[in-house]
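The primary structure of each chain is shown beneath.
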Amino acid sequence: MKMRRNELWQLIIIHFKELLREPGVLFWGIGFPILMAWGLGIAFTGKKETKKDIAVVNFGADNKLSAFLKDHAVMDNSGWYLLTVNDQVFGKNLFRFKPLDSLDATLGVKRGIYQLMIDNKGDSTVFHLDPANPEARLLQLQISTLIGERHEDDTFSGANIIPLEVRGTRYIDFLVPGLIAMNIMMACMWGMSWTIIERRKGNMLRRMMVTPVRRQNILLGLMTARISMNFVEAVLLMVFARIYFDIQIQGSLTALIMVFVAGNLAFTGIAILTSSRTSNTEVGNGIINFVNMPLMILSGVFFSYHNFPEWSIPVIQNLPLTLLADSMRSIINEGAGVAAVLDKTLIMSLIGIVTFGLGLKMFKWY
Amino acid sequence: MGTEYLIDAKGLHKHFKKVKAVDGVDFSLASGEYVALLGPNGAGKTTLVEMIEGIRTPDAGEILVRGRSLNEDKAALYGILGISFQETRFLEKITVFETVRLFASFYKQPDEKIGKVIHLVGLEDKKDAYTKNLSGGQRQRLALGISLLNDPEILILDEPTTGLDPTARREIWDILLRLKNRMGTSLILTTHYMEEATQLCDRIIIMDKGRFLAEGSLSSLVGRMKMPDVALFSVEGKIPDGQEINQTDPVIEWDREKGRGRCEMRNVATDMPLLFAFLEENNLRLIDFEHIKPTLDDVFLSMTGRRLSEEPE
């Protein structure tokens, strides 16, 4: 019973109760990241069956493609010629050929319905495609292989393609650790900064301060509740990723926990610094976005940051969100251990300690 | 030994940019005393109590609480102070009980204290309600309850009843009067309701534009301003002609058409019998009679030319 009277304990459970009594918290904290992983994972991960639509001009004339389609493809009710190819490399491919006049075919290409237009001219088959579109290029190669129209310069042969099936190389493998990292940042910035600003605004912070409470416990309580919540969210996201996308932690669990703690330390520190002065929620909103937005864009949560200019890479790599996402990726996907992420862990901890100290110095309690 | 004050503050100044919120004020509070800081909005009441609470630093002056400087030991200070702000937004989805328990943990109070405090402010029915579902009066009572958790020697309440309806206000007054009788708590209360100040407090300090205009008990304040009592009455009968002014001391102003009279009495004990004697002599029968005592609002008006409820210009 002594525990129940402890002020830190009370501060922690009060935050927990607040979180859990807000139904939105469960959705945005847990459901949303999982949905995001699911959605993006589905969108960018190799599908088992792909469907490709191709426009065919001058169909029916005496030429190779027409003959090929009549022999091998099935015509459906709406005039499409369907051809399913089971390919060991590319999986199941459904090619749908649509006979059209050149005007409609061009229109379809412009609208993005077809990525490839094939024009039969006597003996030759002419492919129309955007050379900058790798998918169209691939489709052209597939079709030429199918109909035996491969040109000598097309050195790329289906048989020689080795698909990337190694764990950790899929987009979803890249995405999930990034999402966990981003979630930690968002939860700290909104969950902590916003809460502190709200409490200052409503006089609650000041009301607590005019009691004998120890001020560090007010922040410690908030941090503990937030980090525990982040932990639950991260675990649930990992479990989902494991079940749905078969993502496994290949590296050291100790290292992962270390990185998680350091990342949380960094972002709780930043959250306390950003919320140290203002009692205006609109100003707070601005400051929080000012921190979040650049990190979201630069830190390679969704896409690799290696497309940014060379000179900026070292800077980006040392941003807290990048440090957290990269170290999580190296543990989960590359099997890294404690030693490999030690430097990043230290930098994150340092960021946390410095921002926390600075925030505390500036902190407006009343 | 002399007078031992719980709070003794001298020469307090606090300026915000161009506003002199508190402009040279001495303040003291004796043990068991209920003091009201009465003044309109912007008078500097809140700034003054915030300095006493240790959450604002005075530009000049010194505040001693039980003979010790405020900054010496804040935790000890907050151990004996009970504070309620003008408005505190408690955590919305936390219940009354949980809120009190949180604060009880800050004071290291046992669980029994939580129930006692909730009972004291009459919130048993609302014990398990989220604070966001409380009415204004209930919220203020919760704030008051929290400020009583440590059985404070000094209670500092900043406009505890502003914006509340008369019933809710009355409920808070009752709690405070009970405290005074039972616990011997001292109170500093800021308000712009003169009724609140007169109902609750032994000493009233009238404050305006950062200064104390006057202080004392209600009667001494009124007496000092030599404000007359007023008798308002209606009569039946023939009001003596051409004679607006009685030959004796009190003056009667007549409204002959309506049969109404108004009489200012400098000394009620002697003037009142004179007035009644005059009415009887002239065969005037009283229909109604009202005795109006001067209020603090009148005092304030005569000092500043404004009413308490007016915003400062």
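Our structure's up above, just so we're on the same page.
The rules behind each value
- Residues numbered from 1 in each chain as written.
- Chains lettered and ligands numbered in written order.
- Predicted model: local features only at pLDDT ≥ 70, side-chain atom pairs only at ≥ 80, totals over all residues.
- Heavy atoms only, no water.
- Helix = DSSP H or I, 4+ residues; strand = E, 2+ residues; numbered from the N terminus.
- Buried < 20%, exposed > 50% of the residue type's maximum accessible area, 1.4 Å probe, protein only.
- Contact = heavy atoms within 4.5 Å.
- Pairing = 2+ DSSP bridges.
- Buried area = accessible area lost by both parts, 1.4 Å probe.
- Salt bridge = Lys/Arg side-chain N within 4 Å of Asp/Glu carboxyl O.
- Polar contact = N/O pair within 3.5 Å; in protein donor to acceptor, adjacent residues only side chain to side chain.
- Nonpolar A, V, L, I, M, F, W, Y, C, P; charged D, E, K, R; others polar.
- Axes fitted to C-alpha atoms, helices over the stretch in contact; angles between N-to-C directions.
- Core = buried A, V, L, I, M, F, W, Y, C linked by side-chain atoms within 4.5 Å.
- Phe/Tyr/Trp six-rings, centres within 6.5 Å; stacked < 30°, edge-to-face > 60°.
- Lys NZ or Arg CZ within 6 Å of the ring centre and 35° of its normal.
- Patch = residues over 30% accessible without salt bridge, like charges linked within 9 Å, V, L, I, M, F, W, Y side chains within 5 Å.
- Areas by Shrake-Rupley, 256 points an atom, 1.4 Å probe, with all protein chains shown as cover.
- Arc of directions from axis to C-beta.
- 1 Å grid on protein atoms, 1.4 Å probe; cavity = no way out; pocket = protein on both sides within 12 Å on 5 of 7 lines; lining within 4 Å.
- Points joined across faces, edges and corners; volume = space filled by probe spheres on them.

Participant: Please give an account of the side chain of Asn203 of chain A that cites residues and values.
Facilitator: With respect to the helices and strands, Asn203 of chain A occurs in the loop between helix 7 (171-201) and helix 8 (204-209). Owing to a relative accessible area of 18%, Asn203 of chain A belongs among the buried residues under this scheme. If we ignore the near neighbours within four places in the chain, the residues touching Asn203 of chain A are Phe85, Glu87 and Thr88 of chain B.

Participant: Can you break down the side chain of His192 of chain B residue by residue, with the values?
Facilitator: Residue and element names in this part refer to chain B. Mapped onto the elements of the fold, His192 is located in the loop between strand 8 (186-191) and helix 7 (194-200). The exposure class assigned to His192 is buried, which follows from its relative accessible area of 16%. Apart from the residues lying within four places of it in its own chain, the contact partners of His192 are Leu38, Gly39, Pro40, Asn41, Lys45, Glu159, Thr162 and Leu308.

Participant: Break down the pairing of strand 12 (residues 251-255) of chain B for me, citing the residues and quoting the values.
Facilitator: All names here are of chain B. Burial along strand 12 is one-sided: Ile252 and Trp254 are buried, and none of Val251, Glu253 and Asp255, which face the opposite way, are. The sheet contact formed by strand 12 and strand 13 (residues 260-265) spans five bridges and is antiparallel. By the bridge assignment, Trp254 is partnered in strand 13 with Gly261. Here strand 12 folds back onto strand 13, and the loop between the two strands holds four residues, one of which, Gly259, carries a positive phi near 70°.

Participant: Report on the interface of chain B and chain A, specifying residues and quantitative values.
Facilitator: On the side of chain A, 27 residues touch chain B, which itself brings 32 residues to the contact. Of the roughly 2,900 Å² buried where chain B meets chain A, counting both sides, 58% is carbon and sulfur surface. Inspection of the chain B/chain A interface yields six salt bridges. Here Glu50 of chain B ties to Arg206 of chain A by a salt bridge, and the two come within 2.7 Å at their closest N and O atoms. For the pair chain B and chain A, the interface holds eleven residue pairs in polar contact (both at pLDDT 80 or more). When residues of the side of chain B that touches chain A are traced back to their parent elements, those giving at least two are helix 2 (74-80), helix 3 (96-106) and helix 5 (136-147) of chain B. Counted by class, the side of chain B that touches chain A contains 15 nonpolar, seven polar and ten charged residues.

Participant: An account of the sheet that holds strand 13 of chain B is requested, with residue identities and associated values reported.
Facilitator: All names here are of chain B. Reading across the sheet, the four strands line up as 12-13-11-14 and stay open at both edges, with antiparallel pairing between neighbours. One side of each edge strand has no neighbouring strand; the edge strands of this open sheet are strand 12 and strand 14 (285-292). Neighbouring strand axes in the sheet, compared pairwise and without regard to direction, differ in orientation by 20° on average. Here six bridges tie strand 11 (residues 229-236) to strand 13, and the two strands are oriented antiparallel to one another. Each bridged residue has a counterpart across the sheet, and for Leu232 the counterpart in strand 13 is Arg262.

Participant: Residue-level account of the nonpolar core, with values.
Facilitator: Met208 and Phe267 of chain A together with Val100, Leu144 and Leu176 of chain B are the most contacted members of the largest nonpolar core, which has 114 residues in total. For this core, the element with the highest residue contribution is helix 7 of chain A, accounting for 14 residues. Ignoring sequence-local partners within four residues, the contact set of Met208 of chain A consists of Leu11, Val213 and Ile218 of chain A together with Leu102, Phe103 and Phe106 of chain B. Core analysis: the next-biggest nonpolar cluster, separate from the first, contains 30 residues, Ala9, Phe27, Leu48 and Leu77 of chain B among them.

Participant: Tell me about the packing of aromatic side chains, residues and numbers included.
Facilitator: One pass over the full model with this rule turns up twelve aromatic pairs over all chains. Here Phe240 of chain A and Phe245 of chain A contribute two aromatic rings whose centre-to-centre distance is 6.1 Å and whose plane-to-plane angle is 85°, an arrangement assigned as edge-to-face. Judged by its relative accessible area of 7%, Phe245 of chain A is buried. One aromatic cluster is present, built from ring pairs that chain together Phe233, Trp254, Phe276 and Phe289 of chain B. Positioned above the aromatic ring of Trp80 of chain A is the side chain of Arg96 of chain A, whose terminal nitrogen or guanidinium carbon lies 4.3 Å from the ring centre. Between the NZ or CZ atom of Arg206 of chain A and the centre of the ring of Phe85 of chain B, over which it lies, the distance is 5.3 Å.

Participant: Go over the environment of Gly29 of chain A, please, and point to the residues and values.
Facilitator: Residue and element names in this part refer to chain A. With respect to the helices and strands, the residue Gly29 is situated in helix 3 (residues 23-44). For the pair Gly29 and Ile42, spaced 13 residues apart in the sequence, the C-alpha separation amounts to 21 Å. Once residues within four sequence positions are removed from consideration, Gly29 is found in contact with Gly24, Asn183 and Glu233.

Participant: Hey, could you go over a nonpolar patch on the surface for me, with residue numbers and the actual values?
Facilitator: All names here are of chain A. A cluster of nonpolar side chains, Phe27, Trp28, Phe32, Leu35, Trp38, Ile42, Phe231, Val235, Val239, Ile243 and Tyr244, forms an exposed patch at the surface whose accessible area comes to about 1,100 Å². Going through the elements one at a time, helix 3 and helix 9 (215-245) are the ones with two or more residues in the nonpolar patch. Per-element accounting of the nonpolar patch gives the leading share, six residues, to helix 3. Within the secondary structure layout, Trp38 lies in helix 3.

Participant: So what about the pattern of salt bridges? Which residues, and what values?
Facilitator: In total, this model carries 30 salt bridges over all chains according to the counting rule given. Taking the shortest distance from any N to any O, the salt bridge between Glu98 of chain B and Arg21 of chain A comes out at 2.8 Å. Residue Glu98 of chain B is found in helix 3, and its partner Arg21 of chain A is found in the loop between helix 2 (7-20) and helix 3; the two belong to separate chains. Of the residues examined, Glu98 of chain B reaches a relative accessible area of 8% and is grouped as buried. The shortest N-O distance in the salt bridge between Glu171 of chain B and Arg141 of chain B comes to 3.4 Å. In this pair, Glu171 of chain B is assigned in helix 6 (residues 166-183) and Arg141 of chain B in helix 5, connecting sequence segments 30 residues apart. Residue classification places Glu171 of chain B among the partly exposed residues on the basis of a relative accessible area of 33%. Overall, Arg141 of chain B belongs to the buried group, its relative accessible area being 11%.

Participant: Please provide a residue-by-residue account of helix 4 (residues 64-72) of chain A, values included.
Facilitator: For helix 4 of chain A, the full list of buried residues reads Leu65, Ser66, Phe68 and Leu69 of chain A. In an axial view of helix 4 of chain A, the angular spread of the buried residues amounts to 165°, which keeps them on one side of the axis.

Participant: Which residues make up the layout of surface pockets, and what values do they have?
Facilitator: Over the atoms a probe the size of a water molecule is rolled, and this reveals where empty space is left. Residue and element names in this part refer to chain A. Looking at the second largest pocket, its volume works out to about 1,000 Å³. Contributing to the lining of the second largest pocket are 33 residues, with Leu19, Val25, Trp190, Gly191 and Thr195 lying nearest its centre. Taken together, the elements giving at least two residues each to the lining of the second largest pocket come down to helix 2, helix 3, helix 7 and helix 9. The element that contributes the greatest number of residues to the lining of the second largest pocket is helix 7, accounting for eleven residues. Residue composition of the lining of the second largest pocket, by class: 17 nonpolar, seven polar and nine charged.

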